[in-house]
Structures are given as C-alpha cells and as structure tokens.
Amino acid sequence: MQDSYNPHKLEPLVQQEWEQQRTFETVEDEKQEKFYCLSMFPYPSGHLHMGHVRNYTIGDVISRYQRMRGKNVMQPMGWDAFGLPAENAAIRNRVPPAKWTYGNIDYMRAQLKRLGFAYDWSRELATCDPEYYRWEQWFFTKLYEKGLVYRKKAMVNWDPVDQTVLANEQVIEGHGWRSGARIERKEVTQWFLKITAYAEELLKDLGQLDGWPEQVKTMQANWIGRSEGVEVIFDVDSQQALNVFTTRPDTLFGVTYIAVAPEHDLAVHASKSSAEIAVFLQECAKTRVSEAEISTLEKRGIDTGLYATHPLTQEKIPIWVANFVLIEYGSGAVMSVPAHDQRDWEFAEKFGLPIKPVVFPEQGSVCVDISQGAFLERGWLQNSGQFDGMSSDRAFDAIADELEHRNKGQRQVNYRLRDWGISRQRYWGCPIPIINCDRCGVVPVPEQDLPVCLPEDVDFENAVLPLKSLPGFYEVKCPECHGAATRETDTFDTFFESSWYFARYCCADNDASMLDDRVRYWMPVDQYVGGIEHAVLHLLYARFFNKLMRDAGLCANDEPFINLLTQGMVLKDGTKMSKSKGNTVDPQNLIDKYGADTVRLFVMFAAPPAHNLEWSDSAVEGSYRFINKLWRLTKSHAEQGVTCSDGKLFECLNGDQASLRRKIHETIQKVTDGVGRRYAFNTAIAANMELVNEVIGFDDPSPPGRAVCQEALEAVVLMLAPILPHVCHILWQRLGHEVPVNSAAWPDVDARALIKDMVEMVVQVNGKKRATIQVPTGMGSDGIEHIAQHNENVVRFIENRKIVKVIVVPGRVVNIVVN
RNA sequence: GCCCGGGUGGCGGAAUAGGUAGACGCAAGGGACUUAAAAUCCCUCGCCCGUAUCGGGCGUGCCGGUUCGACUCCGGCCCCGGGCACCA
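Residues numbered from 1 in each chain as written. Chains lettered and ligands numbered in written order. Predicted model: local features only at pLDDT ≥ 70, side-chain atom pairs only at ≥ 80, totals over all residues. Heavy atoms only, no water.

(A) Looking closely at the overall build of chain A. Scanning chain A for helices and strands turns up 25 helices and 34 strands. The contacts of chain A with a sequence gap of at least 6 include a subset with a gap of at least 24, amounting to 71%. Counting every atom, chain A has about 36200 Å² of accessible surface; 48% of that belongs to carbon and sulfur. Distance between charge centres in chain A, computed from 88 positive and 109 negative side chains, equals 3 Å. (Helix = DSSP H or I, 4+ residues; strand = E, 2+ residues; numbered from the N terminus. Contact = heavy atoms within 4.5 Å. Areas by Shrake-Rupley, 256 points an atom, 1.4 Å probe, with all protein chains shown as cover. Lys, Arg positive; Asp, Glu negative; His and termini not counted. Charge placed at Lys NZ, Arg CZ, Asp CG, Glu CD.)

(B) Examining helix α22 (residues 703-720) more closely. Over its 18 residues, α22 runs 26 Å from end to end, which matches the ideal 26 Å to within 8%, given 1.5 Å per residue. Most of α22 is tucked away, with 17 of its 18 residues classed as buried. (Expected span 1.5 Å × (residues − 1). Buried < 20%, exposed > 50% of the residue type's maximum accessible area, 1.4 Å probe, protein only.)

(C) View of the protein's contact with RNA strand B. Around RNA strand B, a shell composed of 76 residues is seen, among which Gln215, Arg424, Arg426, Ala606 and Asn815 lie nearest. Sugar and phosphate atoms represent 63% of those atoms of RNA strand B found within 4 Å of the protein. The separation between a sugar or linking oxygen of RNA strand B and a polar main-chain atom of Asn168 is 2.7 Å. The separation between a base nitrogen of RNA strand B and a polar side-chain atom of Gln425 is 2.7 Å. (Near = heavy atom within 4 Å. Polar contact = N/O pair within 3.5 Å; in protein donor to acceptor, adjacent residues only side chain to side chain.)

(D) How the structure looks around the environment of Leu724. Looking at the secondary structure, you find Leu724 in the loop between α22 and α23 (725-734). Overall, the relative accessible area of 0% leaves Leu724 in the buried class. Each C-alpha atom of the pair Leu724 and Gly59 lies 13 Å from the other, and the pair is 665 residues apart in sequence. Leave out the neighbours within four places in its chain, and Leu724 touches Asp597, Leu601 and Ile627.

(E) Just empty space enclosed by the protein, in detail. What the rule picks out here adds up to 3 cavities of 30 Å³ or more. The space that makes up the largest cavity amounts to roughly 50 Å³. As for the largest cavity, its lining consists of Trp18, Arg64, Arg67, Met68, Ala721, Pro722, Pro725, Val741 and Asn742. At 3 residues, helix α2 (residues 50-68) tops the list of elements feeding residues into the lining of the largest cavity. In the lining of the largest cavity, the residues fall into 6 nonpolar, 1 polar and 2 charged. (1 Å grid on protein atoms, 1.4 Å probe; cavity = no way out; pocket = protein on both sides within 12 Å on 5 of 7 lines; lining within 4 Å. Points joined across faces, edges and corners; volume = space filled by probe spheres on them. Nonpolar A, V, L, I, M, F, W, Y, C, P; charged D, E, K, R; others polar.)

(F) Here's a closer look at the nonpolar core. Core analysis: the biggest nonpolar cluster contains 181 residues, and Tyr36, Phe140, Leu193, Phe502 and Met549 have the highest contact counts within it. Those residues in contact with Leu193 that lie beyond four places of it in its chain are Phe140, Leu143, Leu148, Val149, Asp419, Trp420, Ile422, Phe496, Phe544, Phe545 and Leu548. Ranked by size, the runner-up nonpolar core spans 40 residues in total, among them Phe234, Leu242, Val255 and Ala333. (Core = buried A, V, L, I, M, F, W, Y, C linked by side-chain atoms within 4.5 Å.)

(G) View of the layout of surface pockets. The computed volume of the second largest pocket comes to approximately 840 Å³. Among the elements of the structure, β11 (241-246), α10 (291-295), β15 (333-336) and α11 (342-351) are those that each provide at least two residues to the lining of the second largest pocket. Of the residues belonging to the lining of the second largest pocket, the class tally is 10 nonpolar, 10 polar and 8 charged.

(H) How the structure looks around the side chain of Asn628. By secondary structure assignment, the location of Asn628 is in helix α19 (residues 620-639). When its relative accessible area of 16% is taken as the criterion, Asn628 is described as buried. Polar contacts involving the side chain of Asn628 include one to the main-chain carbonyl oxygen of Tyr624, which spans 3.1 Å.

(I) Region of the structure containing the pattern of salt bridges. If you walk through the whole model with that rule in mind, you get 42 salt bridges. Residues Asp397 and Arg411 are paired through a salt bridge, measuring 3.0 Å at the closest nitrogen-oxygen approach. Residue Asp397 is located in helix α12 (residues 392-405), and its partner Arg411 is located in strand β18 (residues 409-415); the two are separated by 14 residues in the primary sequence. For Asp397, a relative accessible area of 39% puts it in the partly exposed group. Judged by its relative accessible area of 34%, Arg411 is partly exposed. (Salt bridge = Lys/Arg side-chain N within 4 Å of Asp/Glu carboxyl O.)

(J) Structural view of the sheet that holds strand β27 (residues 561-567). Read across the sheet, 4 strands follow the order β2-β1-β26-β27 without closing on themselves; strand pairing throughout is parallel. Looking at which strands have only one partner, the edges of the open sheet turn out to be β2 (72-74) and β27. Direction aside, neighbouring strands of the sheet carry axes that sit 20 degrees apart on average. Bridge count for strand β1 (residues 34-39) against strand β26 (residues 525-531) is 3 bridges, and the pairing is parallel. Directly across from Cys37, in β26, lies its bridge partner Gln527. (Pairing = 2+ DSSP bridges. Axes fitted to C-alpha atoms, helices over the stretch in contact; angles between N-to-C directions.)

(K) Broad picture of the packing of aromatic side chains. Counted according to the given criterion, the structure contains 39 aromatic pairs. When the ring of Trp420 is compared with that of Tyr541, the centres are 3.8 Å apart and the planes differ by 10 degrees; the resulting orientation is stacked. Within this pair, whereas Trp420 is found in strand β19 (residues 420-421), its partner Tyr541 is found in helix α16 (residues 537-551), the two being separated by 121 residues in sequence. The buried category is assigned to Trp420, whose relative accessible area is 1%. For Tyr541, a relative accessible area of 13% puts it in the buried group. Aromatic side chains Phe496 and Phe545 sit 5.1 Å apart centroid to centroid with 85 degrees between the ring planes, which places their arrangement in the edge-to-face category. Taken together, the residues span a long stretch of sequence, with Phe496 in the loop between β25 (491-492) and α14 (501-504) and Phe545 in helix α16 at a distance of 49 residues. (Phe/Tyr/Trp six-rings, centres within 6.5 Å; stacked < 30°, edge-to-face > 60°.)

This is how it looks when you write it as structure tokens:
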C-alpha cells in the first residue's frame, strides 16, 4: 500500500483491472435477478459538464449498490448524437457535423472512463449511426402501414433572410439569431405521429408508476389534459359552421362573442375584404410559434364583421380574431363567456364587448359582482331560458342533451395533448424514409432499401445545408413504378431517436432486427436517472414509443421505466448550466486536480439528487480531505495486522466497544435505507463520516477492540464502494480480502448490536424544551412521566401551576401542559 | 400567462410518519506542531440577553390558521428555478 493517497496513480490501475477482467460486461442469466440501470444518454456537445457528472454518478452508485446486493446489473451508455449544435459547429468551424460529432464522442467516452463508471461498453450505441437509425426508419414505415402517421400543415418559425426554418431557441426577441431578420410564421406540410390515439392509456398508466415522483406524474397528467365537455356547433352561414369545445356548457347563454386564431380560415377569409384585418393578421404572424410567447403577449383582437348563430337562442354572435387563440389546439376557435371566464372578461372589457352573467352564486338570485372580474365558480342559472333555476351540474347535462337533440353539438372528451410533429427541416438528423412520386403518391422506402443514409461528407458553405440542396440524395426512382421521384428531405425530431434507445441497448449488436428476445429479459428499465427538464417531453414520448413497440409485438412491457429519479439541475449564477448560455463548468479541471473519487464524492455529498445544485468551486477540498483521512486510518489499522471480524470476540465487549459496534450497525441501517430506498446519498455519506470520526476517537489495542475497529472499517469501505470505487478497491484489499470489493456483499445489520439500555428523551413544558433525560429502554409512560416531572429545571416551570395534560411519546418527547 | 418544484446559519445542506431546528461538510476566527510552509490535530462558530461549561428570549421567505407540539399540515401572498410541444 502506498504511503499516501495518490488518485492519479491508483485510479488508472484499478480501471485497467476492471477492463481486463471485463467486470461490467453483462449477459442474460435467467437464474439471476436482473437490474437494468439507465442514465439518460448525453448529447455529445464536446465536454462533459457538471450535470453529466452528477447524473452518471447517481446511476453508477445505484448500479454498484445493486450489484453488491447480488443482482445481474446492466448499465449501458451511448450517444444522443443528432441535433442542432453539430450544425452550428459545422458553420462556425467548417467541419462536417459527422466529423465533429464523432470527435466529441471519442473525447467524452474517455472522460466517462476516467470517472470510473461501471458501464457495459460492449453495448455502446450512437443514434447517428445508420446501424441504429435504420431500425427507426423501418419502424416508421410500419407505423405508416398501421395508419399511425399522417401529414398535415403546421406552423414553423421562418427566417425570411436566411430562407430557413428556425428552432424556438434560435429566435431571439422575435428575430433570427444569425440574420437578425424579424421572423415570420409559415405553414409547412409535416409528418405527425398519432400520440393522441394513446392519450387515454398514457394517462391511465400513470397510475401504475409507483416508482415515479408524484411531481412528474402530475406534470404529465396536466400535459395530457383530459377534460369532459361539449362540442358546440355555431352556424356561420348556410355553408360554414364553427365547432368549439367547452367544459362549461352551463354558461352557453352567456356567450357574447367567438374568438378565432389568426390562422383560422374565417380570419383569413375576412382579411381578403378588409385591409385592417389583413394588417392585423400580418402583425400576428410576426411572433414565434411557442405557447409561452403567445400567452405573454398583450391581448389584441379585431372584429371580423362576421356573425355566428347561437345554437339555442339563434342570436347573432360576433366573431373576433384574437392573438391568444392557438390554431394548434382544438378547432382554433373558442366561445367566449366574459362573465364566467377571466381571460374572456379582460378581452371584453378592453374591446367593449357585452358581459352577460348567467350563473349566480345563490339559487333564484340574479346578484353577482362582475365589475372586477369574472365569476368562475359553479352556481345556479338565470338568463338561460328553459334552464333557469338549474344548478350548473344539472344544466351541464340538460344543455348537452338539448344540443345533441337539435344536432347542434355532442358530448366529447377533449385532450390538451396534440399529435407529435416529427418533421424537421434540418440536415443533421435521421432521414424520413419516404419517397414522393407524382404517379404513386407517398411511398415508404421498402425494407430492403433501408437504411436511407444521411450523406456525411458535406460542406456547410452557405451557412445552412438542407438536404434539398443535395440532388444526389433526393433524386431517386420510385420503388413502385420505377419512374423519377423525390425523396423526403426532412429529418426526424431528435426525440425520435431517444424514444427507443433504452430497448436497443438490450440487443445493440443485432443487425437483423430492431429488437429481439433479450428485450424480454432486460426490459423494463428498473431505474432510470435523468434531469427534471425531461419530465414531460422525452419521458412522455418514450412511454408512447414503448406502447407502439409493444403493440407491434417487439416487447412485452406496458411501461418502459419502473423507477424514475429526476435529478435537479446544476445551476450556475442561479440559472441552468447550458452551452447556449455559456455558463458551464468543466469538471475536467477537478478530475485533473483531485481524481475521480473526489469528484464523485463531492457531487453526491453536495445536495440530495432531486434538488437543484448551485455550483460553487469551494467544498471539493473537503471531499478530498475525507478520502485522505479514511486512507490514513485504514493504513494505520492494517499496519498493526488485519484481524478477522468473526462473531466470538463480539460476545463480551466493554461499554466503549459495544457503543462503537452499535454505531456501526446503526450506520449500516441508515445507509442501506438511504442508498437503497430513499436516494439520500448525501446523508448516507454524512453517516459514514460520523462513523469514521468515531473510529478515529476509538483507541483500543485489545483483541476485541481491534476486531470492532476492523468491522467498522470494513463496513465503511463496503458502504462507500459504490461512491468511491477506486480507493475502496485498494482499501478492501488492504483489509485482507481477495474478492474485489465490487463483487463483495453489502453489509448486513446485526440486530443484537443495536440494543440499548438507556434512551434519551426531551422534556417540554407547554411545547418548549426544558430538559433532556435518560430513561431505561422500554420504560412505561408512568415511569417516564415521573422522571420528567422531577427534573430540576422542569420543576422551575411547573411548580405552583396546574398540570392540565401530559403527552408522552416513548423514545422521543414528554410534553407537560400547565396553565 | 399556464403547469410543476423550491425558499432553513456567512455557504452547501440535516431533521425519513406532526415530536430536541442547524447532523455532516465548507468558509471564517483562535490555538498546537514546524526554522518556515504545506499537511495534520484541538477549540469556537444562528441572533439577542443574563448571574456565561449554565440558563432565558427570538429564529426555518411573509401574513394568518389547525394542534399539547408546525421547517413539516391548511388558506392567502412574495421571491427564485424548471417546462410550455423545433435546445437537448
């Protein structure tokens, strides 16, 4: 054993041993319980950042812990390799995206290896590899055959100068980030996946995800947004009708106007005969497509001059265009009831539209104050014809019945969830395997022609490279009629790749099919670890894709991830660390200075995994000091000869020895629960630090004393091995063991060691702490109460007062209530 | 704007089921060792008061409530972070 702790010498040696022994390569074994531990794969941006280090250390600690519990643990790693940053780098550095990406992968793989993560590298995959994306192209054609994909027009951000589609991120305050031009909305035909066909199941199955944080399930449920209501038909003229969905048919008589989105057919139609409306629509078109943007805009609107007919009263209802109505959501039109909806109320106030109350807080009354805002609650109807006097609940049904009877509406379940638009007008992505033929129409690329490979040797001369500018790519023969045809030049949303990679890891070497039987052994993932920012989009798409694969017979499980740990973000200066904000911290400097174990210890100790972690450069030093302390302690113990920690010596221990031994087993109990159940790694580390501090203060050269000391050090080394795998590998050997620590069994609690004679309790008077007392373990309430009431300091507060009540919580607290 | 989180010493955090607020660590200050430095070890460390190893008062973003007892539960507010469908 080296004299002093030297991670730079020790860590590469230990890593070399793991590599030579193939310690972390895993094969299916029906006799052994499996544990699939997965961390969200990184985008190869160039360097690991602190968020990666945190994410992957958490996953590695869980993997190594489960391995010590005897599970067959599979922990894979790969690369989410398609995406926008590669195109930006290509423009900046004149290097093809593929080259840049593969270079980054090589660098980051080396960084991950330097951190000592227990990955099965034989399963590594990169989503930009045709051997990977050919299967999602194949799967897309299967979904096409099943009718689960379709084309429709949708809005994109358009940069009129660069003549290119921009991502939301690329629009800075309404202008293209490169050209600076005011962006416009533009309609483009795109491919969609029918995720709404699975809305009900995606919502219902949240109920079986007991291992997911409530927070994430709530966000997904709200995102899916199931609501029950009525679709109401408002006739515009003899040819046209407007369908609007409402969850409040009881307010139908309070409708005073209808608002449509600026892209709605009626709005476009009205603009043809009114220059004023045309200008308004043009203004509305100069804003980004995102919902956040639209909902924070000042509410603006304009009268179209058109009217719709109220389905029950036959009144003429004016139709307005409003900038806050989303064309994407529902029918792009809403019925407005300003008396009972706050947003409608504000719009009506601003434009002088009538506000007609129809629901009142008390039965039979027509009193409600709507001067300061809308009345949102349910109540009793008036001003509603035959429905006057009904409660909102009764009126819901009565009005729905009446509409259905008159063929002017029907009950409907509505979802906020929209179908998933998967087309991207970008180069660095997976080509959509479709050929457009003038004669045969849309033709999916036949299986034998897959993969449709993305040309990788390209030059970004003009700052943007759509596949449209590569005739060698898009000029093809139609697979059906063999005439000249055009290949689809859009690529998939990169969420497409990340929606099924977890299944592919189970059989990454299969070049004959997308998935195989091994998926049935490994799936579902037992533990998924990743950032909270993925709570909705990625995690919902992955759940959806899993169900698509199940229905295609490719896997058996309904849900992909049993347990989910969403780690908080590593913030710098109070905001998310990200490349685009330029506030990243390079962990490489820390690894170079302190080694991998210190960095791992620090990220696990600094905060509980689910919390955000505000980065600070100090405090790493303390982690390094602790490892040194443990090193010196083990060294000086081992130099006096290692002892066998067998049970006999523990039978008659003196007070100090028994007390240290109790501390050992209390710590094992706490740490096992902390690591195995609660994800409380920071307090598990603190508990080990406490135990180490006690061992340092324990100086007993007798055989039982040394045996207890040996037991303590073994326990600490075993419990810290998942976090500090390198140094614990060496320390475990030094404590006299031949089996490597990563294959050793997690320590067990000896219940006999936990027994205590006396227990400390707090005495309160009227809820204020007045004393602490020692009472025999297992003493009854009467005895405890007696001791408490005779404590010197307690007496000062209770004498000459009447005791009203005494509460005794055994083992914790006594509260004496006096008046 | 809507949905979801969070707010505790100088700092990161602890308090698992409503029962001792501040574990563990960082920073800081004082001391020991040393020619010196590094390393290491010891002591102090929420605020205020007193008769100062002890005792008292206050204290977990703000206001109010429930309870013998609230960081924890309930109602209202403020601030910070994440997501909002083309960043990943």
